[in-house]
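Fold and geometry: a report
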Amino acid sequence: MRWKSLARSHSGVVGLVLVVAFTLLAATAPFITAHDPTRGNLRAALTPPGQAGYLLGTDELGRDTWSRIVYGSRISLALGLASVAFGLVFGVPLGMVSGYYGGGVDSVLMRVMDIFLAFPRILLAILVVALYGIGFWSLVFAIGVADLPVFARLVRSATLTYLGRDFVTAAKALGARDRRVMGRHILPNLVGTLAVQSTFSMAAAILIAGGLSFLGLGVQPPTPEWGSMLSSARSYMRVAPHLITYPGIALAVVVLGINLLGDALRQAYDPRFRGKDA
Amino acid sequence: MLAYVLRRLGHVLVTLIGISIIVFVSLHLTPGDPAAMLGGSQASDEEIAQLRKIYGLNQPLPVQYLSWAGRVLHGDFGISFRAGRPIGPDLAHAFPISVYLALGGLFLAVAIGIPAGVLAAVHRDRAIDLTVMGLSVAGMSMPVFWISLIMVLFFSLQLGWLPSSGWGEFRHFILPAVSISLASLALLARMTRSMMVEAMLEDFVRTARAKGAPDRSVQYKHALRSVLPPIVTAIGLRFGLLVGGAVITETVFSVPGLGRMVVQAVGARDFPTVQGGVLLIAAAVSIINLAVDLLHVFVDPRVRYT
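Residues numbered from 1 in each chain as written. Chains lettered and ligands numbered in written order. Predicted model: local features only at pLDDT ≥ 70, side-chain atom pairs only at ≥ 80, totals over all residues. Heavy atoms only, no water.

1. Some remarks on the overall build of chain B
For chain B, the count of helices and strands is 14 helices and zero strands. Moving toward the C terminus, one meets the helices and strands of chain B in the order α-α-α-α-α-α-α-α-α-α-α-α-α-α. Each principal axis of the C-alpha atoms in chain B carries an extent, and together these give about 85 × 60 × 30 Å. The buried share of chain B, reckoned over its 306 residues, is 47%. (Helix = DSSP H or I, 4+ residues; strand = E, 2+ residues; numbered from the N terminus. Buried < 20%, exposed > 50% of the residue type's maximum accessible area, 1.4 Å probe, protein only.)

Structure, rendered in structure tokens:
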């Protein structure tokens, strides 16, 4: 990691702080919340923020909004990480094989990737959910499947640029097998590119997960999730606008943090930005 | 040139066939028997067998695919499980609504995003630049469904200026169009800025300035024009995404477009409608992308079509 160039960008530092803050929130959830996120007190339903010991108020079932937001960060971060990992695990080898061997394998794989890219991301996710039902892993598949062609295309074009380089030719001349050339000589050069794309993919994945849950096709109540919290808050917009405000802020801030971090990473790894202050 | 156009057409044809195979196979990968689903929970075994025969579900999959694809090409998307009537006319009704909404969003994104990007690039690293770029990162980070709800809360419930749902009049169109445009607006502003920053350093821009051309003419006629082709491509790709990506906006504002149709169909486990909607959207996206590619060739003389 290029920590120095990262530290030089102010927005990158802000992004990193936000991401770390949300990770801590997710990790320490039981210690920083006073109420159970799924069990409510009906007599305290729709309490406005700051009253009766409820920092951010309560929802229609009297559940503490702060607790639900804190616990909600767990599922959002987990879905984001897992679906990006899915895209990496399947997309990177596919792209590498495609770029390395070229020819017919390459054309066929890239045509298939084009087909997947023709589906708008949320629609592909909806199609998968419609087929496999709703559950953590089917959501990971639904969200991550759209990342697969993105990573595959990225890795393919990066592989092509390294293919003719001397260190690759040297490795081949020394008798290294294809797998070793790809894994030991080409892959380490792609770490920066992949880190940048993974960051942006994770931001997008968290937004898609929230969107699916908002549509009722993602994480199901009573599990606390920001998108589904916003969805149920719609019915109480007039009487309890705070239910709309806070989950959205949480979602926007975590995605903003990840995007800022991604921007800073891109500048740190892109040679065109090197040496310039961002 | 002609060879390039033909090859792109060939690629799109392959993509369209691929899309239709994915969408077709998806129904047959569902857990459960399509015939039992068609019949509903009350159907007897004989009735289900009858349905299987009527819909050709006892034939091999490739045969089923070909006859399905043939019917789709004639505009026959089958019968909706939920509504019990043909899906084709419903799709034909919803599709232009989604396109109309996407065009509205795209118009806002282009009309605001590009000048904002130019302004930011010209005032690089100054307050205007930081404001535009800050707003643009925020715009890309905020979830559409949240912004939409906040707009409803403010403009519909508190101020009472605009309706929160419905379709048919211009006032129904404003909030959804703004909602759908935000992400594209932010993206276009960022993209225009970063390309303009580089273009403003080019020799021909310096020449234009040296011969005394007014600032506005230097910015828009010389610098922006040189970076227009990739921006046009980006606009085209966004249009494709907007047609299908309007799922959330259409649901929040009850716009009777394709996206909402698909979401409602998923909720009702109405697979033929899901299939038809997804197929239409994906086909529209790839045809729009083709159009953009071909347009690119005409806009940018530097593109070599080999």
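We are not done yet, so read on.
2. Comments concerning helix α4 (residues 61–73) of chain B
Residue and element names in this part refer to chain B. With 13 residues, α4 ought to run about 18 Å at 1.5 Å a step, and its terminal C-alpha atoms sit 18 Å apart, in line with that. Within the span of α4, buried status applies to Gln64, Tyr65, Trp68, Ala69 and Val72. Looking down the long axis of α4, one finds its buried residues gathered within 130° of arc, a one-sided arrangement. Exposed and facing more than 90 degrees away from the buried side of α4 are Leu66 and Leu73. Positive phi appears at Gly75, one or two residues downstream of α4, with a value of about 85°. (Expected span 1.5 Å × (residues − 1). Arc of directions from axis to C-beta.)

3. A few points about the pattern of salt bridges
Residues and elements named next belong to chain A. A complete count under the given rule lists eleven salt bridges over all chains for this structure. Linking Arg111 and Asp114 is a salt bridge whose minimum nitrogen-to-oxygen distance equals 2.6 Å. Taken together, the positions of Arg111 and Asp114, both in helix α5 (residues 103–117) and three residues apart, correspond to about one turn of that helix. Through salt bridges with shared partners, one network takes in Arg111, Asp114 and Arg153. (Salt bridge = Lys/Arg side-chain N within 4 Å of Asp/Glu carboxyl O.)

4. Focus: the confidence of the model for chain B
Within chain B, residue pLDDT values average 84, and 93% of them lie at 70 or more. Across chain B, helix α5 (residues 87–122) of chain B holds the top mean pLDDT of 92, while helix α2 (residues 34–39) of chain B sits lowest at 66. (pLDDT = per-residue confidence, 0-100.)

5. Observations concerning the interface of chain B and chain A
Where the parts come together, the accessible area they lose is often given as the size of the interface. Listed by partner, the interface residues are 44 residues for chain B and 39 residues for chain A. The junction of chain B with chain A conceals about 3600 Å² of combined surface from both sides, 79% of it contributed by carbon and sulfur atoms. Linking chain B with chain A are one salt bridge. For the interface between chain B and chain A, the tally reads five residue pairs in polar contact (both at pLDDT 80 or more). For the side of chain B that touches chain A, the elements supplying multiple residues, two or more each, are α1 (2–28), α6 (127–141), α7 (144–158), α8 (170–199), α11 (228–245), α12 (247–252), α13 (258–267) and α14 (271–299) of chain B. The element that contributes the greatest number of residues to the side of chain B that touches chain A is α1 of chain B, accounting for eight residues. (Contact = heavy atoms within 4.5 Å. Buried area = accessible area lost by both parts, 1.4 Å probe. Polar contact = N/O pair within 3.5 Å; in protein donor to acceptor, adjacent residues only side chain to side chain.)

6. Concerning α5 of chain A
Given a rise of 1.5 Å per residue, 15 residues ought to cover 21 Å, and the 21 Å separating the end C-alpha atoms of α5 of chain A matches this to within 8%. The inward-facing, buried residues of α5 of chain A abut α4 (65–101) and α8 (147–163) of chain A together with α1 of chain B.

7. Let's talk about the side chain of Glu225 of chain A
All names here are of chain A. For Glu225, the position within the fold is in the loop between α10 (178–214) and α11 (226–233). Buried and unpaired, Glu225 has no salt bridge, with Arg68 as the nearest side chain of opposite charge at 8.5 Å. Other than its neighbours up to four places away in sequence, Glu225 contacts Gly72, Ile75, Ser76, Ala209, Gly210, Ser213 and Val219. (Lys, Arg positive; Asp, Glu negative; His and termini not counted.)

8. Regarding unusual backbone geometry
Pro221 of chain A connects to Pro222 of chain A through a cis peptide bond whose omega is 10°. Considering the arrangement of structural elements, one finds Pro222 of chain A in the loop between α10 and α11. Despite not being glycine, Asp125 of chain B has its phi angle at roughly 65°, a positive value. Considering the arrangement of structural elements, one finds Asp125 of chain B in the loop between α5 and α6. Owing to a relative accessible area of 55%, Asp125 of chain B belongs among the exposed residues under this scheme. Phi at Ser254 of chain B is positive, roughly 50°, even though this residue is not glycine. Mapped onto the elements, Ser254 of chain B comes out in the loop between α12 and α13.

9. Comments concerning the environment of Thr192 of chain B
All names here are of chain B. Here Thr192 is to be found in helix α8. Relative accessible area serves as the criterion here: at 0%, Thr192 is assigned to the buried category. Note: C-alpha distance between Thr192 and Ala213 (21 residues apart in sequence) is 21 Å. The residues touching Thr192, leaving out its near neighbours within four places in the chain, are Ile114, Gly117, Val118, Leu224 and Ile231.

10. Things to note about the packing of α4 of chain A against helix α7 (residues 136–144) of chain A
Residue and element names in this part refer to chain A. Packing of α4 against α7 brings their axes to within 8 Å, and their N-to-C directions diverge by 55°. If you check the angle between α4 and α7, you find them oblique. For the pair α4 and α7, the sense of crossing is right-handed. Along its contact with α4, which presents Ala78, Leu79, Ala82, Ser83, Phe86 and Gly87, the element α7 presents Phe136, Leu139, Val140, Phe141, Ile143 and Gly144. When grouped by side-chain class, the residues that make up the contact of α4 with α7 number nine nonpolar, three polar and no charged. (Axes fitted to C-alpha atoms, helices over the stretch in contact; angles between N-to-C directions. Parallel < 35°, antiparallel > 145°, perpendicular 65-115°, else oblique. Left-handed = near helix turned anticlockwise from the far one by under 90°. Nonpolar A, V, L, I, M, F, W, Y, C, P; charged D, E, K, R; others polar.)

11. Things to note about the packing of aromatic side chains
Residue and element names in this part refer to chain A. Scanning the entire structure with this criterion turns up 17 aromatic pairs over all chains. Each ring, one from Tyr100 and one from Tyr101, has its centre 5.1 Å from the other, and the planes form 75°; the classification is edge-to-face. Note on Tyr100: relative accessible area 10%, which makes it buried. Classification of Tyr101 as partly exposed rests on a relative accessible area of 42%. (Phe/Tyr/Trp six-rings, centres within 6.5 Å; stacked < 30°, edge-to-face > 60°.)

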